[in-house]
Amino acid sequence: MRRPSWVPEGTDLDKPNAARVYDYYLGGSHNFEVDREMARKAMALWPELPQIMRSNRAFLRRAVTFLAERGVTRFLDIGSGIPTFGAVHEIARAIRPESQVVYVDRDPVAVAHSRLLMADDPLSSVVQADLRDVHDLLDRPEVAALLAEGEPVAVLLVAVAHFVTDDEDPWKLIGVIRDALPPGSALLLSHASLEGRPDQAENHQKLYRMTPTPLTMRTHEQITAMFAGFELVEPGVVYLPQWRPDQPEAVGEHPERMTGVAGVGFRP
């Protein structure tokens, strides 16, 4: 396969990539046939997957809007993927034009494309770093500058903590980030849940074991524990469509079918 100009040298184009698969689910164009093939296999097992991913993106839009309306102008998007289809800076600046965003991802493809998108944006920057090496992430100059001046920062972990294994201890990693945040900062998190569709969980996790980013779905209790040290805002940790929907009818009769859960909490 010929390497497109937005893909860095050395990228393996023969293995599916989680960020590109997600882009495909959202209807994007920054993916390859190997990613589309994985997505089709997943959708054959679980036809609602694209709808779930779009529900996750809709949660991000509502939550960033919620925070921007409360005066937050600094956003640290960890595991940002390829920021297309309503990226954080676009959502926040519709309310707070001065909003600053640091996009962080460990995937070189996502980082390379993000840097192209953000090249002419003085209020946004892109960092290649890994949540699992949290001290390195926090030490990056762009991240340190975002946190340094004492204004509240919204940390986004949207559909990313489930790519951290139990052995890598996402609860501890999030705790390190929490302790680095100024008071009044926020955690915005969504995560794949075991309870929503237990009949699909094992097959879906098995499929992601084929990629460099295996998936660990967790219980509602385990996910809620990631907000330790934060004060959850209403309605707490709930299924994606249930978090402050634009209209009550948008939730639908079976929000659990979206299987992901999400919440927002503030650091006192």
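Use the structure listed above.
K.L.:
I tried to follow the overall build of the chain on my own but got confused; where do I start?
P.N.:
For the chain, the count of helices and strands is ten helices and eight strands. Considered along the principal axes of its C-alpha atoms, the chain spans approximately 45 × 45 × 35 Å. Buried positions account for 56% of the 268 residues belonging to the chain. Contacts in the chain between residues at least 24 apart in sequence constitute 71% of all its contacts with a sequence separation of at least 6. Working note: accessible area of the chain is about 11700 Å², and carbon and sulfur atoms make up 52% of it.

K.L.:
Whenever I open this one, the environment of Arg132 confuses me. Can you help?
P.N.:
Following the sequence through the fold, Arg132 ends up in the loop between β3 (124-128) and α6 (134-139). Judged by its relative accessible area of 37%, Arg132 is partly exposed. When the C-alpha atoms of Arg132 and Ile174 are compared, they prove to be 9.7 Å apart, with 42 residues separating the residues in sequence. Ignoring anything within four residues of it in the chain, the contact list for Arg132 reads Arg106, Val164, Glu168 and Leu173.

K.L.:
Looking at this structure, how should I read the side chain of Arg62?
P.N.:
Within the secondary structure layout, Arg62 lies in helix α3 (residues 49-69). Buried within the structure, Arg62 lacks any salt-bridge partner; Asp246 is the closest side chain of opposite charge, at an N-O distance of 5.0 Å. The contacts of Arg62, once residues within four sequence positions are left out, are Leu240, Pro241, Trp243, Arg244, Pro245 and Asp246.

K.L.:
It is not clear to me how the side chain of Thr216 should be interpreted in this structure. Could you clarify?
P.N.:
Within the element layout of this structure, Thr216 appears in the loop between α9 (198-208) and α10 (220-224). For Thr216, a relative accessible area of 17% gives the class buried. Setting aside anything within four residues of it in sequence, one finds Thr216 in contact with His162, Val164, Thr165, Asp166, His191 and Gln205.

K.L.:
Explain the pairing of strand β4 (residues 154-158) to me, please; I cannot follow it from the model alone.
P.N.:
A regular strand carries its side chains on alternate faces of the sheet. Summarising burial for β4: five of the five residues are buried, a large majority. Residues Ala154, Leu156 and Val158 point to one face of β4 and Val155 and Leu157 to the other, with burial holding for every one of them. Sheet analysis places strand β1 (residues 74-78) next to β4, joined by three bridges and oriented parallel. Paired with Leu76 across the two strands is Val155, which belongs to β4. As judged from the five bridges shared by β4 and strand β5 (residues 186-192), these two strands associate in the parallel manner.

K.L.:
It is not clear to me how α3 should be interpreted in this structure. Could you clarify?
P.N.:
It helps to recall that an α-helix has 3.6 residues per turn; residues three or four apart then point in one direction. Helix length check: α3 (21 residues) gives 30 Å between terminal C-alpha atoms against 30 Å at 1.5 Å per residue, within 8%. Of all 21 residues that make up α3, 15 are buried, and the element is covered over most of its length. Among the residues trailing α3, Gly71 stands out with phi positive, at a value near 100 degrees.

K.L.:
Please clarify how the packing of aromatic side chains should be interpreted in this entry.
P.N.:
The description of an aromatic ring pair rests on the distance of the ring centres and on the angle between the ring planes. Following the criterion strictly, the structure yields three aromatic pairs and no others. Relative to Trp243, the ring of Phe59 has its centre 5.5 Å away and its plane inclined at 85 degrees; by these criteria the two rings are edge-to-face. Here Phe59, found in helix α3, pairs with Trp243, found in the loop between β7 (238-239) and β8 (260-266); they are 184 residues apart in sequence, far enough to count as distant. With 6.5 Å between their ring centres and 50 degrees between their planes, Phe66 and Phe266 make a pair best called tilted. Here the residue Phe66 occupies a position in helix α3, and Phe266 occupies one in strand β8, the gap between them amounting to 200 residues. Overall, Phe66 belongs to the buried group, its relative accessible area being 6%. Taken together, Phe59, Phe66, Trp243 and Phe266 form an aromatic cluster joined through their ring pairs. For the cation-ring pair, Arg244 lies above Trp243, with the distance from its terminal atom to the ring centre recorded as 5.6 Å.

Parameters at a glance
- Residues numbered from 1 in each chain as written.
- Predicted model: local features only at pLDDT ≥ 70, side-chain atom pairs only at ≥ 80, totals over all residues.
- Heavy atoms only, no water.
- Helix = DSSP H or I, 4+ residues; strand = E, 2+ residues; numbered from the N terminus.
- Buried < 20%, exposed > 50% of the residue type's maximum accessible area, 1.4 Å probe, protein only.
- Contact = heavy atoms within 4.5 Å.
- Areas by Shrake-Rupley, 256 points an atom, 1.4 Å probe, with all protein chains shown as cover.
- Lys, Arg positive; Asp, Glu negative; His and termini not counted.
- Salt bridge = Lys/Arg side-chain N within 4 Å of Asp/Glu carboxyl O.
- Pairing = 2+ DSSP bridges.
- Expected span 1.5 Å × (residues − 1).
- Phe/Tyr/Trp six-rings, centres within 6.5 Å; stacked < 30°, edge-to-face > 60°.
- Lys NZ or Arg CZ within 6 Å of the ring centre and 35° of its normal.

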